[in-house]
Every structure is written in C-alpha cells, then in structure tokens.
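# Per-entry structural report
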Amino acid sequence: FDEAGLRPEDIRTLEDLNKIPLLDKYMLRDLTREAVTANKKPFHKIATVPEEDFVTVHTTSGTTGVPYTEPFTEVDLSARGFTAAGETPARGYWSFGLRPGDVMAHLWNLGGAMVGGGNHVMSSGAAIPALFLTIIPGHVGRSEEILCLMRDVKATAMISTPSYSKYLGELALKMGMDMKKDLNLKVVVTAGEPGPASIPGLREDLEKLWEVKAYDIYGAPGVMLAHECEARCGFHISADYAYVQIVDPETKEELPPGKMGSIVATKIGLNAMPFIRFDTEDRGALINEKCPCGRTHPRISSVPGRLDDMVKVKGFRFYPDTVEKVIKETKGCTGEFQIFLEKDEKNRDKVRIQVEHEEGIMDLSDFHKKLSHAIVTMITLKADVEIVPKGKIGRYVMKAQRVVDLRSDEARKKYEEASKIRSAKYFD
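Figured I'd write up the structure that's included with this text. Everything quoted here is computed from the prediction, not taken from an experiment. (Residues numbered from 1 in each chain as written. Predicted model: local features only at pLDDT ≥ 70, side-chain atom pairs only at ≥ 80, totals over all residues. Heavy atoms only, no water.)

### Overview of the environment of Trp210
In plain terms, the rule: Helical segments are the DSSP runs of H or I of at least four residues, strand segments are the runs of E of at least two, and each set is numbered from the N terminus. Between two residues, a contact is recorded if the distance between any of their heavy atoms is within 4.5 Å. In protein, a polar contact means a hydrogen-donor-capable atom and an acceptor-capable atom, both N or O and within 3.5 Å, with residues adjacent in sequence counting only if both atoms are side-chain atoms; elsewhere, any N or O pair within 3.5 Å suffices.
Mapping Trp210 onto the fold places it in helix α6 (residues 202–210). Expressed as a C-alpha distance, the spacing of Trp210 and Leu185, which sit 25 residues apart in the sequence, is 8.1 Å. If near-sequence neighbours (up to four positions away) are discounted, Trp210 is found in contact with Leu147, Met158, Ser165, Leu168, Gly169, Met179, Leu183, Leu185 and Val188. A distance of 3.1 Å separates a polar atom in the side chain of Trp210 from the backbone oxygen of Ser165.

Okay, structure coming up:
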C-alpha cells in the first residue's frame, strides 16, 4: 500500500478498490520463499495478526506450483469469517435440494491443504453453526469401506473431486452395488478441479453413473466459494462474503459484466491473512441478472479453466479443456486423456495426446483417424494422437494432471519415477 501511495482514507467506494494493485499467487510464493530463506516462518511477511492468535494453519494444494501457507484465527473459522466452513457452503448445499437430516460423505485428502473446505476443520464439524448437514468425515483411500459406510448410514450426498467421484462410482458398480437399491444418494457434488459446469459431457457421465443429480462448486483458496443452483446456469457468489471483479488478463483493467477475463476476488471477513484483489487467474465472466432460481446475488459463468493452464508450444496457444471438449463429445472415448509436451529428435517442441478408448470399438484405425482430425482441427496445431485401451491412463486422487511437460531431462526423469507407482489403485 505504501508503494502504491495509498492510505485507508483513499478507499471509500467499490470503485476505489481498483486503486489497489492486484495480489497474486506468485507474490505470495515469493514472500513465502523470502521468509523461509531468512529462517522465518512461511507466513512471516503475510500475516496481519500476532502468531499466538492462530488456531490452525493450512496450505494451498500446490498443484499448479509452490504452495503457500495460510493461517487462520478463531474469527476466521467462524461462520462469518471462513468461506469454507459456514454460510457459503450451506447456501450451496441448500440450493442443491439438501435439507436438515441429510447426510453428506465429505471425501477429501486429509492433511493441511485448503481443499474441500479445510479438510479436518470441515469434516470435524468445527465452527460450522450455519451448516445443517450431518457430515461423514471421509478421505481419499479405503474406497470400498467408504462406499459400505455410505450404504450403511444411508448417505444422501457426497462431495469430492470429479476424478474421485467417477472412480468411486465405477468401484461401486464393480462391487456389485445397485445405485438405487443399495445407496440412498440424492446428489453428487464436485469441486477442486474443472467439473460438470465446465467440462462438456461430464455432468451427464456422473449422473448416469450415480443415477442422481450432479452439482458443481467453484472455489479459489482463501477468497471465495461459489455454487450452482437447481437452474445450473452459473456459479452463485455470496456477495456479502466476497467481492468479485473480472479483469483483462493483459491490462488488468476491470471488465464489464458478460466479458470473459480473469476472476479477481476480495474476501470480506478474513482476519489473519486478508486477500484483497486476489487474481485467481481463473477464467470467467460476471452475470448480474436475476437467476431463474430466484436468487439475486451475481453469478460467474462456468469456469472453463485457469489462465495459467494455457499450453504454449511452437508459438501456438491452446487450453486443455478444448481437447477435453472434443474427447467428451466423441463416442467411444472414456473421457480420460493426457497431453505430453516433448522434444523431437531435432530438439523441437512436439505435442503428444494420449486418449483412452472404450472396449468394443471394431475399427480402431478409423476411430484414431477421426479423433485425430477433430483434435487437430480444434487446437489448430499438429499433434500426435495416441489411442490407448481403457485403464491405461492412471486415475488421480485430487486434481487430474492433464498436461505433462517433459521437455527437460529432469522433468522426464521425475515423471518416469512417478509413473512406476501411479495406477488406479492409487486411490486406495
């Protein structure tokens, strides 16, 4: 603020927020790195209250880079302060049709990452006066036991990443479970990675698999959760908990409603580590019109991916979700794929896209030809498309790794080592 020449009295209206420079994850990571290098705690240059006021410390998942640390005070963990443990998710669950007496299986990796509502904070039911559900504190792993528990306690809802939701549903069928007779689910809720609202065909896949309605939640660590409703036409923002803007990715100027750009959010109520004008680098547009469901808070259009997910190769740019769109719309694909960025024998960048096919395809050569043409046409870039049988591509616990950059020897070595232990059984 001093560097920007700003004083508290300079901020009097919502428009005045644009005077404040954007905060982003790169700045947070630099501050964390500087603190640790100086033998200080990671949040030394970030926290705004004395350390003795902290009651818990979390990190981001780190799936897109170095994680940063986020401390919370008792105020932050109240329904007023903590977006992931109070009023905000309660509104989402209510809009999905859940009511007091419903039982939700809360299936996230246990640990310190701020994913799925703070994991142990959420699953233990701590500081959640606004949350009306009964929570089953689960985690990724021991999946057969989770399914049996969901059956026995008659869970009516579950929440996880789309990847784990799909895996768990397929496992239930392998166990011989009847989705209607053995399970009591009403809804499946996904979060943590691009989900049903963003990926064509994914909602239909999940609903067919589980035989229930599938709803999506969009979250940005530290700043906001936004949820679909029964109309499923965008993510509702709890505007009394977060102020959301859309900015031009290049100029950082605020864009009007309806224009696609980078989602910037200011969290209202955080005490230990305020997020002011945090650039999530997620893509979206604001919708201010009243929703068909009757709610009047603004909405974010479906979030098709992060700006930093963009693949840059040979001077071309494309998003993984454009490839996913083709695959989801192509009959015979399982929906699983990976994009490999590699070097050819002349040390030039090349793209290889591995796609799983369903069993029973009679003419794989023709299938490969048509799919290759569709993908190359969509991304306007030559790519080697490799068709592999169902189950070849490993399933992921939290966020699916769609792009693997192997253009350096070090990256290739790390990937090969990880591949030795990764498989569908990784969930358990």
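Alright, that's what it looks like, and here's the rest.
### A word on the sheet that holds strand β21 (residues 403–405)
Applied cut-off: Strand pairing is assigned whenever DSSP detects at least two bridges linking the two strands. The axes used here are C-alpha line fits, helices contributing only the stretch in contact, and every angle between their N-to-C directions lies in the interval 0 to 180 degrees.
The four strands lie next to each other as β20-β19-β18-β21, forming an open sheet whose pairing is mixed. The outermost strands of the open sheet, each flanked by one partner alone, are β20 (384–389) and β21. Sheet twist, expressed as the average angle between the axes of neighbouring strands with direction ignored, equals 20°. The pairing of strand β18 (residues 333–343) with strand β19 (residues 349–357) spans eight bridges and is antiparallel. Each residue of the ladder has a partner; that of Leu341, found in β19, is Val351. Against the sheet, helix α7 (residues 320–329) contacts β18, β19 and β21, and its axis sits at roughly 145° relative to β18.

### What about the pairing of strand β7 (residues 187–190)?
Selection criterion: The buried label goes to any residue with under 20% of its type's maximum accessible area, the exposed label to any with over 50%, and the partly exposed label to all in between, with areas taken from a 1.4 Å probe on protein chains only. Here is how to tell: hold the view so the strands point away, follow the path from the first strand over the helix to the second, and if it runs clockwise the crossover is right-handed.
Side chains of β7 alternate between two faces, with Val187 and Val189 and Val188 and Thr190 buried alike. Relative to β7, strand β6 (residues 157–160) is paired through four bridges, and the arrangement is parallel. By the bridge assignment for β7, Ser160 is matched with Thr190. Remark: the β6/helix α5 (residues 162–174)/β7 crossover connection has right-handed handedness.

### Details of the sheet that holds strand β15 (residues 299–300)
Read from one edge of the open sheet, nine strands run β5-β4-β6-β7-β8-β9-β10-β15-β14, paired in mixed fashion. Each edge of the open sheet is held by one strand with a lone partner, namely β5 (134–138) and β14 (286–287). Across the face of the sheet, helix α2 (residues 87–95) comes into contact with β4 (103–107), β6, β8 (213–220) and β9 (224–227) while running at roughly 10° to β9. Its contacts with the sheet place α6 against β6, β7 and β8, and it is angled at close to 130° to β8.

### So, the packing of aromatic side chains
For any two aromatic rings, the description comes down to two numbers: the centre-to-centre distance and the angle of the planes. In plain terms, the rule: Only centres within 6.5 Å qualify two rings of Phe, Tyr or Trp (six-membered ring in Trp) as a pair; their planes then separate them into stacked at under 30 degrees, edge-to-face at over 60, and tilted for everything else. Each ring is checked for a lysine NZ or an arginine CZ that lies within 6 Å of its centre and within 35 degrees of its normal; such an atom marks a charge sitting over the ring.
Inspection of the entire model under this criterion finds seven aromatic pairs. Their ring planes at 15° and their centres at 6.1 Å tell us that Tyr164 and Tyr167 sit as a pair that is stacked. Here Tyr164 and its partner Tyr167 are both found in helix α5, three residues apart, which amounts to about one turn of the helix. The pair formed by Tyr164 and Tyr167 is uniform in burial state, with each residue classed as buried. Taken together, the aromatic side chains of Tyr93, Phe96 and Tyr215 make up a single cluster linked through ring pairs. In this structure, Arg99 packs its charged tip against the face of Trp94, placed 3.8 Å from the ring centre. Sitting over the face of the ring of Phe340, Arg352 holds its NZ or CZ atom 4.2 Å from the ring centroid.

### Observations regarding the pattern of salt bridges
To keep things clear, this is the line we draw: By salt bridge we mean one thing: a side-chain nitrogen of Lys or Arg within 4 Å of a carboxyl oxygen of Asp or Glu.
If you walk through the whole model with that rule in mind, you get 25 salt bridges. The salt bridge involving Asp102 is made with Lys186; its shortest N-O contact spans 2.9 Å. With a gap of 84 residues between them, Asp102 in the loop between α2 and β4 and Lys186 in the loop between α5 and β7 connect regions that are remote in the sequence. By relative accessible area, Lys186 is classed as partly exposed at 40%. For the salt bridge of Asp205 with Lys328, the shortest nitrogen-to-oxygen distance reads 3.4 Å. Linking Asp205 in helix α6 with Lys328 in helix α7, this pair joins segments that are 123 residues apart in sequence. For Asp205, a relative accessible area of 35% puts it in the partly exposed group. Via salt bridges that share partners, Lys343, Asp349, Asp405 and Arg407 belong to a single interconnected network.

Interpretation in functional terms is not warranted from these geometric data alone.
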